[in-house]
Amino acid sequence: MKKWFAVIGDPIAQSKSPEMHNAWYEEANVDATYIPIHVKPEHLQQAVASFKLLGTSGWNVTIPHKQAIIPFLDELDELAEKMGAVNTVVRTAEGKLKGYNTDGPGFVKSLEHVIGTTKREAPVLLIGAGGAARGIAFALQLTGYTNITIANRTVEKAQQIIDELHAGQAVSMQEAEQSLANYEIFIQTTPAGMTTGDFALPFSLEKFPAGAIAADIVYNPLMTPFLQAAEQKGATIVNGLGMFVHQGAIAYQHWLGHYPNTNAMIARLTAQLGGNYVNR
Ligand code: NAP
């Protein structure tokens, strides 16, 4: 029987996930479809019950439901439990609903696709302490990154994540700006530089060290002011599209048992976003 998958959120029309997953099904000859469903917060519980009844094989969860959906699921994997947020639901063979979070692991896959696995002891500066940064921090730690500092406008939020990691340190944006030379890997997770946003950089990159690695999770535009400034200092840069594609690919693997073609998808979405730029 044809399988069906979905993404739920409010709003949802902007999501590129349906296009991505449907293209992967076509490419791999999987008899399935993936649809966007607009679910308002007050209807979340009913939506989950309906999905169960109608026999979906799984679905993605986006803003604002990532935390709110947890009470309606039967179990969580380790990372989703630590994060208190779910972006992927799998219906198990026993009919149970299991929540995963593939955002942070998607980022780490995208990063290591460019820089390999030999930099896990390098000092990392994670810039921002919102939902995305939180997932990335836990996924970095689970992967084996041992030296993580988090800088945030509201330092208490960075400190909260550090406390949960039981490792690393929290600093203010000003402290980070003054000590950039201490780090080798920079991960920009604030909305700085977004096409629709109102601030270009989280702080001045005047003291950015030569030959570092700079990743941004914003992917519209693909080349953010942060990446531009870092590249001018000789950094290896990693844009945010890879995180989006790999979080979807990990969800796909949970549902269908194999990893889809991420390189072709990154090329396709890059072209749509008006870029011919690749990570370098
Ligand atoms: P969030 O939970 O709202 O967190 C936003 C973060 O940015 C917080 O640390 C916040 O600091 C900081 N921030 C906001 N405005 C700022 C300003 N004017 N100056 C300095 N810091 C500021 O958001 P999120 O869910 O983590 O998402 C963050 C960005 O990542 C968004 O642009 C989103 O589109 C992108 N994203 C990309 C992917 C991907 O697949 N590539 C996935 C998820 C998210 P405070 O704590 O001080 O408020």
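Described in the following lines is the structure provided in the data block.

Cut-offs and rules
- Residues numbered from 1 in each chain as written.
- Predicted model: local features only at pLDDT ≥ 70, side-chain atom pairs only at ≥ 80, totals over all residues.
- Heavy atoms only, no water.
- Axes fitted to C-alpha atoms, helices over the stretch in contact; angles between N-to-C directions.
- Helix = DSSP H or I, 4+ residues; strand = E, 2+ residues; numbered from the N terminus.
- Parallel < 35°, antiparallel > 145°, perpendicular 65-115°, else oblique.
- Left-handed = near helix turned anticlockwise from the far one by under 90°.
- Contact = heavy atoms within 4.5 Å.
- Nonpolar A, V, L, I, M, F, W, Y, C, P; charged D, E, K, R; others polar.
- Polar contact = N/O pair within 3.5 Å; in protein donor to acceptor, adjacent residues only side chain to side chain.
- Core = buried A, V, L, I, M, F, W, Y, C linked by side-chain atoms within 4.5 Å.
- Buried < 20%, exposed > 50% of the residue type's maximum accessible area, 1.4 Å probe, protein only.
- Near = heavy atom within 4 Å.
- Areas by Shrake-Rupley, 256 points an atom, 1.4 Å probe, with all protein chains shown as cover.

### A few points about the packing of helix 1 (residues 17-27) against helix 9 (residues 241-256)
Orientation of helix 1 relative to helix 9, taken along the N-to-C sense of each, is 50 degrees, at an axis distance of 11 Å. By the criterion of interaxial angle, the relationship of helix 1 to helix 9 is oblique. Where helix 1 crosses over helix 9, the two elements pack in a sense that is right-handed. Counted together, Ser-17, Met-20, His-21, Trp-24 and Tyr-25 of helix 1 and Phe-244, Val-245, Gln-247, Gly-248, Ala-249, Tyr-252, Trp-255 and Leu-256 of helix 9 form the full contact between these two elements. Its residues assigned to classes, the contact of helix 1 with helix 9 comprises nine nonpolar, four polar and no charged.

### What to know about the side chain of Thr-88
Here Thr-88 is to be found in strand 5 (residues 88-91). A distance of 3.2 Å separates the side chain of Thr-88 from the side chain of Asn-60, its partner in a polar contact.

### Topic: the nonpolar core
Core analysis: the largest hydrophobic core is formed by 32 residues, its most contacted members being Phe-107, Tyr-145 and Ile-150. At the level of secondary structure, the elements contributing two or more residues to this core comprise helix 3 (78-83), helix 4 (103-115), strand 7 (124-127), helix 5 (131-143), strand 8 (148-151), helix 6 (155-165), strand 10 (185-188) and strand 11 (213-216). With six residues, helix 5 is the largest single contributor of residues to this core. Setting aside chain neighbours within four positions, we find Ile-150 in contact with Leu-126, Gly-128, Ala-129, Ala-137, Ala-158, Ile-161, Ile-162, Gln-169, Ala-170 and Val-171. If you look at the next biggest cluster of nonpolar residues, it comprises 24 residues, including Val-7, Tyr-100, Ala-249 and Ala-251.

### Side note on the site of the ligand
Near the ligand lie 20 residues; those nearest to it are Ala-129, Ala-132, Asn-152, Thr-154 and Ile-217. In the environment of the ligand, an oxygen atom lies 2.9 Å from a nitrogen or oxygen atom belonging to the backbone of Ala-132. A distance of 2.9 Å separates an oxygen atom of the ligand from a polar atom in the side chain of Lys-157. When isolated, the ligand has an accessible area of 920 Å², and the protein chains bury 72% of it. Of the residues in the shell around the ligand, the class split is 10 nonpolar, eight polar and two charged.

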